[in-house]
Amino acid sequence: METILITTAVVTGFTGILAVLLTLADRTIANYGEKKLVINDDKEYIVNGGRSLLSTLIEQKIFIPSACGGKGTCGYCKVKVLEGGGQVLPTELPWLTEEELKNNIRLSCQCKVKEDMKIYIPEELFNVREYEATVELIEDMTPVIKKVRIRLKEEDEIEFKPGQYIQLKIPVYDGNEEEDYRAYSIASSPKAKDFIDLYIGYTGGPATTYVHKFLNVGDTVYINGPYGDFYYRDNRDKEMILVAVGTGIAPILSILHYMAEHEIDRKVTFYFGARTPEDLFEMDLIKYFEEKIPRFKFIPTLSRVTEEHNWTGARGRVNVHLEKDIENADNKEAYLCGSPAMIDTVVEILKKKGFTDENIFYDKF
Ligand code: FES
């Protein structure tokens, strides 16, 4: 496992550095003039050439998922390039399968518009919009996680499915020279369409530094979305296994809001992994769900408790309890949100118990 993590870190770091170098080189020498961009055979745009396909699309208010802000390190920004776009770059290769390469799938943040292009994107991405909003509340949830409530301006509304995410625009500020976008899951109820709640954990990167050190109540922010195929599947009666660690709780809370509001009484068990009791948050909300959702069970499990914590609940990582508690996959489905390492481990356990790709939904971040 350690070798896999080190290899992943090295590949990610290498492709990240390569992507930045290519961008810098291109910026200094490129002047490609106007180009024609045709999307889905029916929409035509005249754009300035030389920039990445992702930035070019954003300029046209067409938003493609891009969780790493165009750095070539998330693999989210895939589009099908039918004409133009040149050779696939080495920075794209770690993110594309053989099948995707055969089907001309490219990372739009790496592929440059240097000639006329024809591309295909899923039609639903045309419904993704940018929203102007005001920061209504910033609250410390744990020493490193803040809750941020963003209210849309001028009675605007956002429609999303419980579990989906938005991208927050990170502006230029002292210490961040480039505008950027970062993906955050929506934690609030889809019923409240005029605001969204996000949980943002501090990592020291430009986006979380902006939120934790520069963002204030009353500030104007820009979001775009919604995105993602990690969302609550309606019209099913299977037992639900929910698993999250840290800020991965966000989409799970949105799903639980939806279940409480729609009086859905599916059996649901939520395993939440944290390190110490001070890393547990929104426990009042969890109590509310325990009252509203008849067969809801919450299992917080802590991995770094000591005697001083007087913790009487579950201990260890979430995977330990899933391994022990779940007998088989009969009439069950799982929703997982958290780090890639946690999700890979949990998926492996669930598959051993008989779960298939059709009944495991996950969101890695
Ligand atoms: S790889 Fe993250 S935006 Fe392209």
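All of these numbers come straight from a predicted model, not from anything done at the bench.

Criteria and cut-off values
The residue numbers shown here count from 1 along each chain, following its written sequence. Thresholds applied to this predicted model are a pLDDT of at least 70 for local features of residues and 80 or more for the giving and counting of side-chain atom pairs; totals over whole chains, interfaces and linings are not thresholded and use all residues. Side-chain measures were taken over the full set of non-hydrogen atoms in the model, leaving aside hydrogen atoms and water. The term salt bridge refers to a side-chain nitrogen of Lys or Arg lying within 4 Å of a carboxyl oxygen of Asp or Glu. Where helices and strands are cited, they refer to DSSP runs of H or I of at least four residues and of E of at least two residues respectively, numbered from the N terminus. Between buried and exposed lies partly exposed: a residue is buried under 20% and exposed over 50% of the maximum accessible area for its type, with that area taken using a 1.4 Å probe on protein chains only. A domain assignment, automatic or from a database, supplies the domain bounds used here. Throughout, a residue-residue contact means that at least one pair of heavy atoms, one from each residue, lies within 4.5 Å. Put simply, buried area is the surface a 1.4 Å probe can reach on two separate parts but cannot reach once they are joined, added for both. A pair of strands counts as paired when DSSP detects no fewer than two bridges linking them. Comment: axis = line fitted to C-alpha atoms, over the contacting stretch for helices; angle = value between 0 and 180 degrees taken between N-to-C directions. Two rings from Phe, Tyr or Trp (for Trp, the six-membered ring) form a pair when their centres are within 6.5 Å of each other. A pair whose planes differ by under 30 degrees is stacked, one over 60 is edge-to-face, and the rest are tilted. Sitting over a ring, as applied to charges here, requires NZ of Lys or CZ of Arg to be within 6 Å of the ring centre and within 35 degrees of the ring normal.

Any chance you could explain the pattern of salt bridges here in plain terms?
Any two side chains of opposite charge can pair, so long as their charged atoms come close to each other. Considering all chains together, one arrives at 24 salt bridges under this definition. Between Glu123 and Lys43 there is a salt bridge, with its nearest N and O atoms 3.3 Å apart. Linking Glu123 in the loop between β5 (117-120) and β6 (129-140) with Lys43 in strand β2 (residues 43-48), this pair joins segments that are 80 residues apart in sequence. Classification of Glu123 by relative accessible area gives partly exposed; the value is 43%. Here Asp197 and Lys147 are joined by a salt bridge, their closest N and O atoms 4.0 Å apart. Here the residue Asp197 occupies a position in strand β10 (residues 195-201), and Lys147 occupies one in strand β7 (residues 145-152), the gap between them amounting to 50 residues. Classification of Lys147 by relative accessible area gives buried; the value is 11%. Because the salt bridges share partners, they merge into one network encompassing Lys147, Arg149, Asp197 and Glu282.

Explain the domain arrangement of the protein to me, please; I cannot follow it from the model alone.
The accessible area lost on association of the parts is a frequent measure of interface size. Segmentation of the protein into domains returns domain 1 (31-125), domain 2 (128-227) and domain 3 (239-364). Listed as interface residues are 13 residues of domain 1 and, on the opposing side, eleven residues of domain 2. Here domain 1 meets domain 2 over a buried area of about 940 Å², counting both sides, of which 50% is carbon and sulfur. Taken as a group, Phe63, Ala67 and Leu125 account for 43% of the area that domain 1 buries against domain 2, more than any other trio of residues on that side. A salt bridge links Lys71 to Asp180, with the nearest nitrogen and oxygen atoms 3.2 Å apart.

Got a minute to help me understand the sheet that holds strand β4 (residues 105-107) in this structure?
Picture the strands of a sheet paired through backbone hydrogen bonds; they go either parallel or antiparallel. Pairing within the open sheet is mixed, and its five strands lie in the order β2-β1-β5-β3-β4. For this open sheet the edge positions go to β2 and β4, each flanked by a neighbour on one side alone. Geometrically, the sheet is characterised by an average inter-axis angle of 40 degrees between neighbouring strands, direction not taken into account. Where strand β1 (residues 34-39) lies against β2, six bridges are found, and the strand directions are antiparallel. If you follow Lys36 over to β2, its bridge partner there is Ile46.

So what exactly am I meant to see when it comes to the packing of aromatic side chains here?
Centre distance and the angle of the planes are the two values used to describe a pair of aromatic rings. This structure, assessed with the given rule, holds 13 aromatic pairs. Considering the side-chain rings of Phe230 and Tyr335, the 6.1 Å spacing of their centres and the 70 degrees angle between planes classify their relative orientation as edge-to-face. With Phe230 in the loop between β11 (220-227) and β12 (239-245) and Tyr335 in strand β16 (residues 332-338), this residue pair connects regions lying 105 residues apart in the sequence. Neither Phe230 nor Tyr335 differs from the other in exposure class; each is buried. Measuring from centroid to centroid gives 5.5 Å for Tyr288 and Phe289, while their planes differ by 55 degrees, and the two rings are tilted. The class of Phe289 is buried, set by a relative accessible area of 0%. Ring pairs connect the aromatic residues Tyr199, Phe270, Phe272, Phe281 and Phe298, which therefore count as one cluster. Directly above the ring of Tyr231 sits Lys161, whose terminal nitrogen or CZ lies 4.2 Å from the centroid.

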